[in-house]
Amino acid sequence: MDFHALVNEARTCRRFVEDRPLGMGDLEWLIDCARLTPSARNAQVLRYIPVADAAMRERLFPLTCWAGALKDWGGPFPGERPTGFIAVLLPQDAGKLAWVDAGIACQTIQLAATSRGWGCCIIASFDHARVPELLNVPEGMVPALVLGLGVAREERAVAPLPPDGSLTYWRDAEGRHFVPKRPLDEVIVRRF
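If you're wondering where the values come from, they're calculated on a predicted model, not measured in any experiment.

Rules behind the numbers
- Residues numbered from 1 in each chain as written.
- Predicted model: local features only at pLDDT ≥ 70, side-chain atom pairs only at ≥ 80, totals over all residues.
- Heavy atoms only, no water.
- Phe/Tyr/Trp six-rings, centres within 6.5 Å; stacked < 30°, edge-to-face > 60°.
- Helix = DSSP H or I, 4+ residues; strand = E, 2+ residues; numbered from the N terminus.
- Buried < 20%, exposed > 50% of the residue type's maximum accessible area, 1.4 Å probe, protein only.
- Expected span 1.5 Å × (residues − 1).
- Contact = heavy atoms within 4.5 Å.
- Pairing = 2+ DSSP bridges.
- Core = buried A, V, L, I, M, F, W, Y, C linked by side-chain atoms within 4.5 Å.

Undergrad: How do you make sense of the packing of aromatic side chains when you look at a structure like this?
TA: Any aromatic ring pair is given by two values, namely how distant the centres are and how the planes are angled relative to each other. Inspection of the entire model under this criterion finds three aromatic pairs. Between Phe16 and Trp66, the ring centres sit 6.4 Å apart and the planes meet at 75 degrees, which makes this aromatic pair edge-to-face. Remark: Trp66 occurs in the loop between helix H3 (54-60) and strand E2 (84-91) and Phe16 occurs in the loop between helix H1 (3-9) and helix H2 (24-35); sequence separation between them is 50 residues. Each member of the pair, Phe16 as well as Trp66, carries the same accessibility label: buried. On the basis of an interplanar angle of 90 degrees and a centroid distance of 6.3 Å, the ring pair of Trp29 and Trp118 is categorised as edge-to-face. Taken together, the positions of Trp29 in helix H2 and Trp118 in strand E3 (residues 118-123) put the pair 89 residues apart, joining distant regions of the chain. Using a relative accessible area of 27% as the deciding quantity, one classes Trp29 as partly exposed.

Spelled out as C-alpha cells, the structure:
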C-alpha cells in the first residue's frame with residue numbers, strides 16, 4: 001500500500017470485531033515495530049505491557065474513556081470492544097523528549113495495525129490511579145498512554161473541513177466515522 005494511503009486510512013478506531021481477537025503474538029509484533037523507531041538520544045526509555053487475556057481486558061476496558069466528542073455515545077458496546085490493549089510506559093521522571101518518543105511509538109503501532117486491517121485507538125483518558133495498579137506497572141514507571149486494538153469494525157474516513165471550521169469528528173446515519181482535516185494550503189504557513 002502507498003504510504004500516503006496508509007496514513008489516510010489510519011484513523012482512530014473505536015469499534016472492533018470482538019469475536020476475532022488479536023493474540024499475544026500480534027501485540028508483540030506491534031510492540032516490535034515500535035521498538036525499532038527513533039528514540040531521543042537513543043535512550044529507549046519506553047516500556048510496554050501487552051494485554052491479550054480476555055479476563056484482563058474486561059477489567060481494563062472500564063478504566064478507559066472513549067470519543068469525548070460523541071456526546072451521545074458511551075464507548076464500544078459488548079461485541080465491539082478492543083481485543084487487545086498495549087499500555088505504553090514512561091519513567092516517572094521522564095522529560096519532554098520521552099513524550100515525543102511515546103508519540104512516535106504510538107503512531108508507528110497505529111500504522112502497523114492499519115497495515116494489517118486492524119484498528120487502534122490511542123487513549124490518554126484513562127484512570128491514571130487504577131490502571132497502574134491493575135497492570136502491576138513496575139516501580140518508577142507510569143502509563144503514558146493505553147492503546148485499544150483489534151480487527152477494525154467501523155469505517156473511518158478523512159473529511160474536508162466544514163464551512164464553520166469545526167474540527168469535531170462525527171458519524172453519519174450509517175455509523176461511518178468522519179474526521180475533518182484542514183487543507184494542505186492552510187497548514188503550510190510559508191514556502192521558501
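After that view of the structure, there is still more to cover.
Undergrad: Please explain helix H4 (residues 96-115) as it appears in this structure.
TA: Between the first and last C-alpha of H4 there are 29 Å, a value that for 20 residues agrees with the 28 Å anticipated at 1.5 Å per step. For H4, the set of buried residues is Ala98, Asp101, Ala102, Ala105, Cys106, Ile109, Gln110, Leu111, Ala112, Ala113 and Thr114. In this structure, the buried side of H4 is in contact with H1, H2, strand E1 (47-51), E2, E3 and strand E4 (141-151). Phi turns positive one or two residues past the end of H4, at Gly117, with a value near 80 degrees.

Undergrad: Hey, could you run me through the pairing of strand E7 (residues 177-181) in this one?
TA: Across a regular strand the side chains alternate sides, sitting on one face of the sheet and then on the other. Counted residue by residue, E7 has four buried out of five residues, so it is predominantly covered. Looking at chain direction, strand E5 (residues 156-160) and E7 are connected through five bridges and run parallel. Directly across from Pro160, in E7, lies its bridge partner Lys181. By the bridge criterion, two bridges tie strand E6 (residues 170-171) to E7 in an arrangement that is antiparallel. Paired with Arg171 across the two strands is His177, which belongs to E7.

Undergrad: It is not clear to me how the nonpolar core should be interpreted in this structure. Could you clarify?
TA: Within soluble globular proteins, side chains that are nonpolar tend to cluster in buried spots. One finds Leu30, Tyr48, Ile86, Val88, Ile109, Leu147 and Leu149 to be the most contacted residues of the largest nonpolar core, which totals 26 residues. Among the secondary structure elements, those contributing two or more residues to this core are H2, E2, H4, E3 and E4. For this core, the element with the most residues is H4, which contributes seven residues. Filtering out sequence-adjacent residues up to four positions away, Leu147 remains in contact with Gly84, Phe85, Ile86, Val88, Cys106, Ile109, Cys120, Cys121 and Ile122. With 25 residues, the next largest nonpolar core counts Phe16, Leu63, Trp66 and Ile123 among its residues.

Undergrad: Looking at this structure, how should I read the sheet that holds E5?
TA: Strand pairing in a sheet is mediated by backbone hydrogen bonds. Such pairs are either parallel or antiparallel. Taking strand neighbours across the sheet as the criterion, the three strands line up as E5-E7-E6 in an open arrangement whose pairing is mixed. At either margin of the open sheet sits one strand with a lone partner, and together these are E5 and E6.

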